[in-house]
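# Fold and geometry: a report
Each chain, letter by letter, is given below.
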Amino acid sequence: MMSLRLSRFRPGVLAALGLPMLLLACAGGDGDSAWRGDDGGYEDDPVTGGPSQCRLAEAPASGLTLKVCDLPENATLELIHQVSGVTDTVTLTGTGERTLSHTLDALREDDVLRLGAARVPAPQRYLVTCDFEGAAAGTEQGGDGGLNITGDANGQVQTVLCGRTWLASQTDISAADIPAEVRNETNRVALLRINVDTGRVRWLQDPDGGRVRDANGYQNQVYDHYAGGRYVLFNGVDPADPQALNRSLWSTDGTNGGSALVRFPPDNQTALMVTNRGQSIVLGDPELAYFIAYFDSGDIGSYVSDGTSEGTRSDELLDFGGESSGHALLGSRVLASQENAGGDSRTFSLLAKDIDSGEITTLKSDFTNYPMGPQAGIPYFVGERMYFRARDAGGFWLWVTDGTVAGTRPVSDMIMESLTPFQGALYFIAREGGQNDDAQLWKIDGDGELVRLFDIGADASNLGVIDLVATREALFFSVNLEFVSRSPVSALYVSDGTEAGTRRLRDDLMPATTQPQNGAPPTNWARYITGLHVVGDRVVFGDNHSAGRDPTNRVWVTDGTDEGTARLFPNAERSPIHSASACALGLCQAFEPISLGGAYLLFRAWRVLDAGQAGQQGELTFWLSDGTVTGTYRLRAQDGQLFSHPYSTVGGE
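Note that this is a predicted model, so its numbers are computed, not measured. Position numbers for residues start from 1 in each chain and track the written sequence from start to end. For this predicted model, a pLDDT threshold of at least 70 governs which residues receive local features, and a threshold of 80 or more governs which side-chain atom pairs are given and counted, while totals over whole chains, interfaces and linings are taken from all residues. By convention in this description, side-chain values take in all heavy atoms of the structure and omit both hydrogens and water.

Looking now at the state of the cysteines. In this description, a disulfide is simply a cysteine sulfur pair whose atoms lie within 2.5 Å. One pass over the full model with this rule turns up one disulfide. With its sulfur 2.1 Å from that of its partner, cysteine 130 forms a disulfide with cysteine 162. Here cysteine 130 and cysteine 162 share a disulfide; its torsion about the S-S bond, 105 degrees, makes the bridge right-handed. Of this pair, cysteine 130 sits in strand β7 (residues 129-132) while cysteine 162 sits in strand β10 (residues 157-163), placing them 32 residues apart in sequence. The pair cysteine 130 / cysteine 162 is uniform in exposure class, with both members buried. Helix and strand definitions follow DSSP, with helices as H or I runs of at least four residues and strands as E runs of at least two, each counted in order from the N terminus. Buried means the residue's accessible area, taken with a 1.4 Å probe over protein chains only, is under 20% of the maximum for its type, while exposed means over 50%, and partly exposed covers the values in between.

Time to look at the confidence of the model for the chain. Within the chain, residue pLDDT values average 76, and 72% of them lie at 70 or more. For the stretch residues 175-186, pLDDT sits under 50, and the model shows 26 contacts to residues farther than four places along the chain or on other chains. Confidence per residue, as judged by the predictor, is encoded in pLDDT with a range of 0 to 100. When checking whether two residues touch, look at their non-hydrogen atoms; a contact exists if any pair is within 4.5 Å. Here residues 511-527 scores under 50 on pLDDT; set against residues more than four positions off or in separate chains, the count is 31 contacts.

Its place among the elements puts serine 297 in the loop between β19 (289-294) and β20 (300-305). For the pair formed by serine 297 and proline 266, sequence separation is 31 residues and the distance between their alpha carbons is 9.3 Å.

All right, on to the pattern of salt bridges then. Two side chains that carry opposite charge are able to pair once their charged atoms sit near each other. One side-chain nitrogen of Lys or Arg within 4 Å of one carboxyl oxygen of Asp or Glu is enough to make a salt bridge. Inspection of the entire model under this criterion finds ten salt bridges. Measuring nitrogen to oxygen at the nearest pair gives 3.9 Å for the salt bridge that ties aspartate 238 to arginine 263. Of the two residues, aspartate 238 is situated in the loop between β15 (231-236) and β16 (248-252) and arginine 263 in the loop between β17 (259-261) and β18 (272-273); the sequence distance between them amounts to 25 residues. Measuring nitrogen to oxygen at the nearest pair gives 3.3 Å for the salt bridge that ties aspartate 392 to lysine 364. With aspartate 392 in the loop between β27 (385-389) and β28 (398-401) and lysine 364 in strand β25 (residues 360-367), this pair connects stretches of sequence that are 28 residues apart.

A few words now on the sheet that holds strand β4 (residues 86-93). In spatial order, the strands read β4-β3-β6-β9-β8; together these five strands make up an open sheet with antiparallel pairing. Each edge of the sheet is formed by a strand with only one pairing partner; in this case those strands are β4 and β8 (139-141). Taking the axes of each pair of neighbouring strands and ignoring which way they run, one obtains an average angle of 25 degrees across the sheet. In this description, strands pair whenever DSSP reports at least two bridges between them. Where strand β3 (residues 76-83) and β4 come together, eight bridges link them in antiparallel fashion. Here an axis means a line fitted to C-alpha atoms, over the contact stretch when the element is a helix, while the angle between two N-to-C directions is reported on a 0 to 180 degree scale.

Counting buried positions along β16 yields five of five residues, so the element is predominantly enclosed. A two-sided burial pattern is seen for β16, the buried positions comprising Ser248, Trp250 and Thr252 on one face and Leu249 and Ser251 on the other. In the sheet, β15 pairs with β16 via five bridges, with the strands oriented antiparallel. Paired with leucine 233 across the strands is serine 251, a residue of β16. Both β16 and β17 contribute to a ladder of three bridges, which runs antiparallel. Bridge pairing in β17 places threonine 252 opposite serine 259. Between β16 and the antiparallel strand that follows it, β17, lie six residues; glycine 254 among them carries a positive phi value of about 85 degrees.

In this description, a nonpolar core means a group of buried Ala, Val, Leu, Ile, Met, Phe, Trp, Tyr and Cys residues linked to one another through side-chain atoms lying within 4.5 Å. With 24 residues, the main nonpolar core has Leu596 and Leu602 as its most contacted residues. Listing elements by their share of this core, those giving two or more residues are β11 (165-171), β12 (189-195), β13 (200-203), β43 (594-596), β44 (600-612) and β45 (615-625). A total of four residues in this core trace back to one element, the largest contributor, which is β44. Not counting chain neighbours up to four residues away, the residues in contact with leucine 596 comprise Trp166, Val196, Leu602 and Leu624. Ranked by size, the runner-up nonpolar core spans 23 residues in total, among them Leu71, Leu104, Leu113 and Val120.

On the basis of which strands lie adjacent, the open sheet formed by four strands has the order β30-β31-β32-β33 and antiparallel pairing. At either end of the open sheet lies a strand with only one pairing partner, and these are β30 (416-422) and β33 (450-455). On average, each strand axis in the sheet is tilted by 25 degrees relative to the strand beside it, whichever way the strands run. Bridging between β30 and strand β31 (residues 425-430) involves five bridges; their strand directions are antiparallel. Within the sheet, the bridge partner assigned to proline 421 lies in β31 and is leucine 426.

Our next topic: unusual backbone geometry. Excluding glycine, most residues fall at negative phi; most peptide bonds, likewise, are trans. Omega for the bond connecting proline 265 with proline 266 falls within 30 degrees of zero, at 0 degrees, which places this linkage in the cis form. Locating proline 266 in the fold gives a position in the loop between β17 and β18. One non-glycine residue, asparagine 74, lies in the positive phi region at around 70 degrees. Among the structural elements, asparagine 74 can be located in the loop between β2 (64-69) and β3. With a relative accessible area of 46%, asparagine 74 lands in the partly exposed category. With a phi close to 60 degrees, aspartate 267 is a non-glycine residue in the positive phi region. Turning to its location among the elements, aspartate 267 is positioned in the loop between β17 and β18.

Attention now goes to the pairing of strand β40 (residues 555-558). Burial along β40 is two-sided: the residues Val555 and Val557 and Trp556 and Thr558 are all buried. As paired elements, strand β39 (residues 538-542) and β40 share four bridges and run antiparallel to each other. By the bridge assignment, valine 540 is partnered in β40 with valine 557. Examined bridge by bridge, β40 and strand β41 (residues 565-567) share three bridges and lie antiparallel to one another. Residue valine 557 lies in a different strand from β41, and its bridge partner there is alanine 566. In this structure, the hairpin formed by β40 and β41 is closed by a connection of six residues, where glycine 560 is found at a positive phi of approximately 100 degrees.

Shown next as structure tokens:
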């Protein structure tokens, strides 16, 4: 399906940011992991473990006291108290202290406590989610997340942990559970709710307790739309018609049962919210998100939403007088691409719409492909300019615009790979004379000038540079230096963006050959984590060293120094792919990690428990990493037990 990217925040004009869905928060920006032990803080206290600093000065003498941990300053959390059918709502406000307490005195047996949606005080890319942690004496926790009063809870303390939460798509049904005649991707994927500050995971549920299905099939990153930090809008499957391929607009506030279909005109329908790799835009009121909606009826419209059905309405902001795509926010203008009407051949225009006046300007009208939208790639923002891939009759490959006709021009006709913004410039790999020349590292500086930095030296017989990423402090790229028995021999480089500041990291990382030992042919059961994955100020990568013999620990992390380059899983027993003794050769598989906002990586591992002629029965386990050994641990369910999910290929894929 078509995926969605969201734009960046700008002073006065705010745009929601994309990637997988982040329902986030906790004091300290990227989070404080200092309270975790070697296993995420749960090894010694598997049921209630949490921030050790999150303590009350003294236990209360009466009433049930809620100890709320890590509610951000001035953020609010609703506590809903149901008494004999009457609902009383108390709003708790974060004070900036690690711990907030609130005591309920008038509790009776059969009362129910629920946590509502938390709200942050300023526009954010995220939501805050909070959960009851375990159950205090005299209470029990229901499957819906509520706290039921079952006896005398007087003098007890109930912990509530708040934290940043992502959504990620994950297969949740075995193939054997789905009749062959109705089997399709949309039936097999649901959304996981992953709290990166508490290390807990659960399935996202609808108000009826069913799992919310992701409309993206096997696409593990959930592309999203934010409405001021109160809601996240995303595409899902209508539970009333789960076998159909239609996809519908959903909203979630991250709470248990706080997810619902968003229905709006025409005819109170649900719609697929997609803008062809475009952007959901937030401006003016930060609690409103603007987007394009596609309906089953064939209607297309421009809408604005506050995350509710009643708060979703038509709006002209993204209306360009035809079917437009690739919407992006650049300064005071919204950009989009559109196919030109008529003519013997297909041509496309890049359009700019002034947010205040609504005036539409054609920046360029003779592109031979969509400048933004289907197959156009992701636009890159550097300063006040946007760079995008497009071609016209002159064959230019990379273009730049500042939102004006005069400022829309070609940059280069070189074929560029791995475009990466870094410290106010756009870096990329290119071959100046064509594909038979050496690969070079280039940049486009803040003035828009094209600068060649240095030759990397991979000749035409090699694949050359295979990945380029950036942290806040450095560029990293991997290079295939040669081939042995048709297997690449690679090296990892780090750079500050200059030739003098570019060097190869630890020569001992890469093997002389990646051919499997003992002459065995290459196998496809182990998908090595060979890409470069940014996590904070570090990069995680795989070295291909195992070559089918040792798939357990060959995942590395680097901070850009030789001494800071080490195995991420030095202890085989704590590896997500298990040790050789726990998992026979060929029966474990690590999937490429999913990036959670660049601050965490979600590792998933498949372990086969039973292999038969009809298929394989196994389990999926889930690991979270902040790029450090101590900050890499297995996720747990809400009850504190290690989280896993059965998976089967019985009956076919």
